[in-house]
2 protein chains.
Amino acid sequence: MKQQIKFPRSQKVYMSGTLYPHIRVGMRKVEQVPGVSFEGEEKILTPNAEVYIYDTSGPFSDPAVDIDLKKGLPRLREEWIVGRGDVERLPKISSEYGRMRRDDATLDSLRFEHIALPYRARKGKAITQMAYAKQGIITPEMEYVAIRENMNCEELGIETYITPEFVRKEIAEGRAVLPANINHPEAEPMIIGRNFLVKINTNIGNSATTSGIDEEVEKAVWSCKWGGDTLMDLSTGANIHETREWIIRNCPVPVGTVPIYQALEKVNGAVEDLTWEIYRDTLIEQCEQGVDYFTIHAGIRRHNVHLADKRLCGIVSRGGSIMSKWCLVHDRESFLYEHFDDICDILAQYDVAVSLGDGLRPGSIRDANDEAQFAELDTMGELVLRAWEKNVQAFIEGPGHVPMHKIKENMERQIEKCHNAPFYTLGPIVTDIAPGYDHITSAIGAAQIGWLGTAMLCYVTPKEHLALPDKEDVRVGVISYKIAAHAADLAKGHPGAQVRDNALSKARYEFRWKDQFDLSLDPERAQSYFRAGHHIDGEYCTMCGPNFCAMRLSRELKSAKKE
Amino acid sequence: MKQQIKFPRSQKVYMSGTLYPHIRVGMRKVEQVPGVSFEGEEKILTPNAEVYIYDTSGPFSDPAVDIDLKKGLPRLREEWIVGRGDVERLPKISSEYGRMRRDDATLDSLRFEHIALPYRARKGKAITQMAYAKQGIITPEMEYVAIRENMNCEELGIETYITPEFVRKEIAEGRAVLPANINHPEAEPMIIGRNFLVKINTNIGNSATTSGIDEEVEKAVWSCKWGGDTLMDLSTGANIHETREWIIRNCPVPVGTVPIYQALEKVNGAVEDLTWEIYRDTLIEQCEQGVDYFTIHAGIRRHNVHLADKRLCGIVSRGGSIMSKWCLVHDRESFLYEHFDDICDILAQYDVAVSLGDGLRPGSIRDANDEAQFAELDTMGELVLRAWEKNVQAFIEGPGHVPMHKIKENMERQIEKCHNAPFYTLGPIVTDIAPGYDHITSAIGAAQIGWLGTAMLCYVTPKEHLALPDKEDVRVGVISYKIAAHAADLAKGHPGAQVRDNALSKARYEFRWKDQFDLSLDPERAQSYFRAGHHIDGEYCTMCGPNFCAMRLSRELKSAKKE
């Protein structure tokens, strides 16, 4: 189970900190060949600068690190966490269910072998990044993301686009989230917020009917290779606990889950049997495994459930439909809403962020921006303030299916009602008529809402609405969303973003084919398509043939005029 | 060489006209199964209405028509054209080159066998749809497109969203184009304009190094199957003349070309040898074959060529680079600009529309919205008025590579400078970093510019920048653009557009899987993805398994509350 990620002519490089000189922020540096021109007979070589690419692949792309999936990744942040002196290592895991799984010998063959005992905040200590930020403390995590976000800026002469202090302020004021469970020290710090690069999330996970642990770990690494910034494990099938351990131990990006899924498995799918106690134990179990953020559908209120009755597609969120059913069966407010402060108290002890799930998101164009959706958004706005009071980092999930002309209202309302907390949307899908191509219907919406201010885009794969994604679907989904996020970064004017576009276009114009491939989001695919075209010569290709190559003609014009 | 297009549970139906009762407008009607519910023990079946889908597949999808590619399609419009009494059948073809190809016995094996002699306007007669429209005449073509555009409106109780008179007015005032060469009577009338459904164009064609006639004809039919509204034959290789004949005779949608490509072949690729006479003969040759619109790069002015020097990627339009080189080599205004009135005089005799080519469109994000691009747009605004004076229908081509925040300016300027002539854009591509996925980078831009008012979107395939598209690329490109166009129709509020989304979403909610597939843009793909997911039961799928199906839970809630 060795694993390595390679990109052509790319080098793993590390930038170190100023406040914290020991931190090492990994980036991918892509070399380019020089441009060639002629002055008369003389061949002139003009060097092309290396391009830095934001790198989510962690140690997998560092040839100096020998990774064994059975042992997990190096624990990058452990020293920083322990060094702050405000956490303690527990003598045993706190969750009853967690202990039960640990002691079940029939699971030995499935189990990750090197499980460490969990950390938790010492009594009375506030250990979340938000707590530090509010106290004016800049953590190594904050400097780390500042360096990451400044990608290519120094080369442009902009040294301090994002400062560590800016990161701190954004976190303190709730506009950004730095997901960083103290029990997931393997994850590299990253930041989710409107004033940073747009991020993307990948969903993986098995269901009752498909796929095993190996396959899910493989998908997780694969997602990090192609650029997934965070990873949600949405498993609902067998051995959720063990699958999650394997994923977290090998995941260099923050991991999210929807704990209600596992809670429901614990009551064998009987929604009415769900209780706060079962859910609470599940939260603790997952906090101590190292999940970095939880989707919690606490925005569902008893009196709002009926609003979905008017819809064409009712409730399409799994968590939303579970909690709605629970509210109706018991005819009372959901335990997620009632115990939201208790939830936050638990999350704060591990620095797990809350992602307020949009249980009433629209599932069709017809249902977009309706009363049900916006009623839930109002509740989320109330909850986010309660989370912040407990120093819990929070963001807000959003739709779903929304036609283009209704996207803007979603963003503006979210900013207003949720007090600038980061928005994290699923697409949105802009038409319902293209199952099999929903990575495209949703990338269209995602690019727009990202431009308008959404901080993180949850990917959608070609299999959405039809089946669970396989590896190829994950790749296509991630690339589609890297496109949407990057297009949004360009439109928002991030100074470092366009460096890569410019370099790739210059390579294209100068017929540096290899550079064009290597700078692209998916060098392997670009090159294989090019090869399939039976390329003939360095200075034109099969698209136009030699006489019709615009770029060749255009370059000839330039040199003709010089003479 | 028989050919038929089939879609599951779809029926070819025809609507007839009111002004012209003999016209028959083909549509695809998709049947749906009834919804099933229970009142106690009793099973209740609720019928679901049939859905009408705009159909670009022409007679290929009519089982009553026996198509032999060797004989070409039925000549639908010939009677209407001849019936107007203002055209004459020529005793021989007028183009010198055309006659030369006709008389070349070595080409016999390649040649389409049933070439008819061409029609041309009688002396002094104005026979374009624009000429009729200006005189207040509603042609059968105009009523035909009105019926087509009203798709699903009658079922919604809106009987006259688009009237034949509205179509006439839009054409008369230049806001819409109905491409309808009198020598392409096989094509079904369609309309391109901001106040109509957004259309998409497919590019096919060989280059010096690839593919033969059979393959191109197959791609043409394939494009019509998936929904291409018009088709451009961009061939630059051998036997352009013969390839085009085969395509036109078998194409139920308007066909466009870029005549300068063939003119350049005639001078063996030596740009400096191009002359007005060669170009003129090419225009006539293609007018008489039946090309419905020509891309003409007459917007390139001698004094503007240098503006592209400042660019990262220079000139990326093939026609643009050819004409720029010609201007520089001869140090004079291009013959396209100088002879623009002569060009219009020729086009008017056959009702060929002019698509003013954007030879200076930006080829990278860095070059978007620059001086070169906008200088050309100003010239186009001047030329479009000259075309209209000659009753030649005209539209304007647009970029290209544009980041999202610069898209709006493109549309607004085009409307202003080009006097409301329809805009026809290539994407735009919103980031340069994803070769291999440019159908997605460009669908993002296309959806936005379509919403803002672009009338027709030129598709981009996954192979863009890398190689010529194969059949699978054509399919993916067309579907990506159907998505963009339809998303724009929804956002613009076309009343009939959302019918299909609503029907598909209702089918999804009611677990009518087959209906969901059949209503989708690509039923085959949707179904094959679904099957790959090892589906188990009618009421859930492998995505969530039985306990986590939100739609099932949501439906249970509704029925629970009824009891």
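Since this is a predicted model, take the numbers as computed values, not measurements. (Residues numbered from 1 in each chain as written. Chains lettered and ligands numbered in written order. Predicted model: local features only at pLDDT ≥ 70, side-chain atom pairs only at ≥ 80, totals over all residues. Heavy atoms only, no water.)

Some remarks on the packing of aromatic side chains
Residues and elements named next belong to chain A. One pass over the full model with this rule turns up 28 aromatic pairs over all chains. Centroid distance Tyr279 to Phe335: 5.7 Å. Interplanar angle 55 degrees. Geometry classified as tilted. Within this pair, whereas Tyr279 is found in helix α9 (residues 276-289), its partner Phe335 is found in helix α11 (residues 335-338), the two being separated by 56 residues in sequence. Comparing Tyr279 with Phe335, the two get one shared label, buried. Both rings, one in Tyr293 and one in Tyr424, keep their centres 6.4 Å apart while their planes meet at 90 degrees; by these two values the pair is edge-to-face. Here the residue Tyr293 occupies a position in strand β13 (residues 293-296), and Tyr424 occupies one in strand β16 (residues 423-426), the gap between them amounting to 131 residues. Aromatic rings pair up to connect Trp276, Tyr279, Trp326 and Phe335 into one cluster. Lying across the ring of Tyr337, Arg386 places its NZ or CZ 5.5 Å from the centre. (Phe/Tyr/Trp six-rings, centres within 6.5 Å; stacked < 30°, edge-to-face > 60°. Helix = DSSP H or I, 4+ residues; strand = E, 2+ residues; numbered from the N terminus. Buried < 20%, exposed > 50% of the residue type's maximum accessible area, 1.4 Å probe, protein only. Lys NZ or Arg CZ within 6 Å of the ring centre and 35° of its normal.)

Some remarks on the packing of helix α15 (residues 438-452) of chain A against helix α16 (residues 471-492) of chain A
All names here are of chain A. Between α15 and α16, whose axes approach to 8 Å, the crossing angle comes to 25 degrees. Compared by their axis directions, α15 and α16 come out roughly parallel. As α15 packs across α16, the resulting crossing turns out to be right-handed. Residues His439, Ser442, Ala443, Ala446, Ala447, Gly450 and Trp451 of α15 touch α16, and the partners they reach there are Val476, Ser480, Tyr481, Ala484, Ala488, Ala491 and Lys492. For the contact of α15 with α16, a count of residues per class yields 9 nonpolar, 4 polar and 1 charged. (Axes fitted to C-alpha atoms, helices over the stretch in contact; angles between N-to-C directions. Parallel < 35°, antiparallel > 145°, perpendicular 65-115°, else oblique. Left-handed = near helix turned anticlockwise from the far one by under 90°. Contact = heavy atoms within 4.5 Å. Nonpolar A, V, L, I, M, F, W, Y, C, P; charged D, E, K, R; others polar.)

A short note on helix α17 (residues 498-509) of chain A
An α-helix turns once every 3.6 residues. As a result, residues three or four positions apart point the same way. Residues and elements named next belong to chain A. Here α17 spans 16 Å end to end across 12 residues, near enough to the 16 Å set by a 1.5 Å rise per residue. Burial analysis of α17 places 9 of its 12 residues in the buried class, the great majority of the element. The set of residues buried in α17 consists of Val499, Arg500, Asp501, Ala503, Leu504, Ser505, Ala507, Arg508 and Tyr509. Where α17 ends, the next residue or the one after it, Phe511, has phi of about 55 degrees, a positive value. (Expected span 1.5 Å × (residues − 1).)

Some words on helix α4 (residues 140-149) of chain B
Among the 10 residues of α4(B), 10 are classified as buried, and the element is accordingly described as predominantly covered. Residues of α4(B) that are buried include every one of Pro140(B), Glu141(B), Met142(B), Glu143(B), Tyr144(B), Val145(B), Ala146(B), Ile147(B), Arg148(B) and Glu149(B), and no others.

Examining unusual backbone geometry
Of the consecutive residues Pro399(A) and Gly400(A), the connecting peptide bond is found in the cis state with omega at 10 degrees. Inspection of the secondary structure puts Gly400(A) in the loop between β15 (394-398) and α14 (407-417). Cis peptide bonds are those with omega within 30 degrees of zero, and the linkage from Gly427(A) to Pro428(A) qualifies with 10 degrees. Its place among the elements puts Pro428(A) in the loop between β16 and α15. Notably, Asn152(B) is not glycine yet its phi reads approximately 70 degrees, a positive angle. In this structure, Asn152(B) sits in the loop between α4 and α5 (164-172). Its relative accessible area of 4% is what places Asn152(B) among the buried residues. The phi dihedral of Asn268(B) is positive, around 55 degrees, even though this residue is not glycine.

Here we look at the pairing of strand β3 (residues 35-39) of chain B
In terms of strand pairing, β3(B) meets strand β4 (residues 42-46) of chain B through 5 bridges, oriented antiparallel. Residue pairing in the sheet places Ser37(B) in a bridge with Ile44(B) of β4(B). (Pairing = 2+ DSSP bridges.)

Some words on the side chain of Ser364(B)
One can find Ser364(B) in the loop between β14 (353-356) and α13 (371-389). For Ser364(B), a relative accessible area of 0% translates into the label buried.

Some words on the relation of the copies chain A and chain B
Taken as rigid bodies, chain A and chain B are interconverted by a rotation of 180 degrees and an axial shift of 0.0 Å, the fit giving an RMSD of 0.0 Å. When the rotation and shift are considered jointly, the pair of chain copies conforms to a two-fold rotation axis. Closest approach to the rotation axis within chain A is made by the C-alpha atom of Ile444(A), at a distance of 2.3 Å. A shared interface surface links the copies, since 99% of the contact residues of chain A are contact residues in chain B too. (Least-squares fit on C-alpha atoms with pLDDT ≥ 70 in both.)

A word on the pattern of salt bridges
Throughout the structure, instances matching the rule amount to 92 salt bridges over all chains. Its salt-bridge partner being Lys225(A), residue Glu524(A) comes within 2.9 Å of it at the nearest N-O pair. Taken together, the residues Glu524(A) in helix α19 (residues 523-532) and Lys225(A) in helix α6 (residues 213-226) connect sequence positions 299 residues apart. A residue is classified by how much of its surface remains accessible, and Glu524(A), at 40% relative accessible area, is partly exposed. Between Glu409(B) and Arg413(B) there is a salt bridge whose closest N-O contact spans 3.5 Å. Placement of the pair is Glu409(B) and Arg413(B) together in helix α14 (residues 407-417), with a separation of 4 residues, close to one helical turn. Each of Arg9(A), Lys506(A), Glu510(A), Arg512(A), Lys514(A), Asp515(A) and Asp518(A) takes part in salt bridges that share partners, so that together they form one network. (Salt bridge = Lys/Arg side-chain N within 4 Å of Asp/Glu carboxyl O.)

Some thoughts on the interface of chain A and chain B
Taken together, the contact pairs 103 residues of chain A with 103 residues of chain B. With both chains or domains summed, chain A and chain B bury close to 8,700 Å², and 71% of this area falls on carbon and sulfur atoms. Run the count over chain A and chain B and you get 0 salt bridges. Here chain A is connected to chain B by 15 residue pairs in polar contact (both at pLDDT 80 or more). At the level of elements, α8 (259-266), α10 (318-330), α15, α16, α17, α18 (513-518), α19 and α20 (550-562) of chain A are the ones that each hand at least two residues to the side of chain A that touches chain B. Take the side of chain A that touches chain B: its biggest share by element is 10 residues, from α16(A). (Buried area = accessible area lost by both parts, 1.4 Å probe. Polar contact = N/O pair within 3.5 Å; in protein donor to acceptor, adjacent residues only side chain to side chain.)

What about the sheet that holds β13(A)?
Spatially, the 8 strands close up into a barrel ordered β10-β11-β12-β13-β14-β15-β16-β17 (chain A), and their pairing is parallel. If you compare each strand with its neighbour and ignore which way they point, the axes differ by 25 degrees on average.

Quick look at the packing of helix α12 (residues 340-348) of chain A against helix α13 (residues 371-389) of chain A
Residue and element names in this part refer to chain A. Between α12 and α13, the least distance of the axes is 9 Å, while the angle of their chain directions is 40 degrees. As far as their axial angle goes, α13 and α12 are oblique. The handedness of the crossing between α12 and α13 is right-handed. Side by side, α12 and α13 meet where Phe340, Asp341 and Cys344 of the first sit next to Leu383, Arg386 and Ala387 of the second. Considered class by class, the residues forming the contact of α12 with α13 number 4 nonpolar, no polar and 2 charged.

With respect to a nonpolar patch on the surface
Residue and element names in this part refer to chain A. On the surface, a nonpolar cluster with roughly 300 Å² of combined accessible area is contributed by Val36, Phe38 and Leu45. Within the fold, Leu45 resides in strand β4 (residues 42-46). Taking relative accessible area as the criterion, Leu45 reaches 52% and is therefore assigned exposed. (Patch = residues over 30% accessible without salt bridge, like charges linked within 9 Å, V, L, I, M, F, W, Y side chains within 5 Å. Areas by Shrake-Rupley, 256 points an atom, 1.4 Å probe, with all protein chains shown as cover.)

Overview of the environment of Val384(B)
The topology assignment puts Val384(B) in helix α13. Sequence-distant contacts of Val384(B), that is, excluding residues within four places in its chain, are made with Leu356(B), Ala394(B), Ile396(B), Cys418(B), His419(B) and Ala421(B).

Overview of the sheet that holds strand β2 (residues 24-30) of chain B
Residues and elements named next belong to chain B. Read across the sheet, 3 strands follow the order β1-β2-β5 without closing on themselves; strand pairing throughout is antiparallel. Two strands lie at the open edges of the sheet, namely β1 (10-16) and β5 (51-54), each paired on one side alone. Looking at each pair of strands side by side, their axes are set apart by 45 degrees on average, direction ignored. In this sheet, β5 lies alongside β2 in antiparallel orientation, the contact comprising 4 bridges. Note on β5: the bridge partner recorded for Met27 is Tyr54. Across the sheet, α4 is in contact with β1, β2 and β5; its angle to β2 comes to roughly 15 degrees.

Details of the UniProt feature "domain: ThiC-associated" (unreviewed entry) in chain A
Here, UniProt's "domain: ThiC-associated" (unreviewed entry) annotation points to residues 6-88 of chain A. Secondary structure across residues 6-88 of chain A divides into 7% helix and 36% strand, with the first and last C-alpha atoms of the span separated by 38 Å. (UniProt positions renumbered as here; feature names shortened; annotations may be inferred.)

A closer look at the nonpolar core
Counting 315 residues, the largest nonpolar core has Leu274(A), Tyr279(A), Leu347(A), Leu274(B), Tyr279(B) and Leu347(B) as the members making the most contacts within it. Contact partners of Leu347(A), with chain neighbours within four places excluded, come to Leu283(A), Cys287(A), Phe294(A), Ile296(A), Val352(A), Ala353(A), Val354(A) and Val392(A). Core analysis: the next-biggest nonpolar cluster, separate from the first, contains 13 residues, Trp513(A), Tyr529(A), Cys549(A) and Leu312(B) among them. (Core = buried A, V, L, I, M, F, W, Y, C linked by side-chain atoms within 4.5 Å.)

Some remarks on the environment of Gly17(A)
Residues and elements named next belong to chain A. As for its placement among the helices and strands, Gly17 is situated in the loop between β1 (10-16) and β2 (24-30). For the pair Gly17 and His405, spaced 388 residues apart in the sequence, the C-alpha separation amounts to 44 Å. Excluding its chain neighbours within four sequence positions, the residues that come into contact with Gly17 are Ile23, Glu143 and Ile147.

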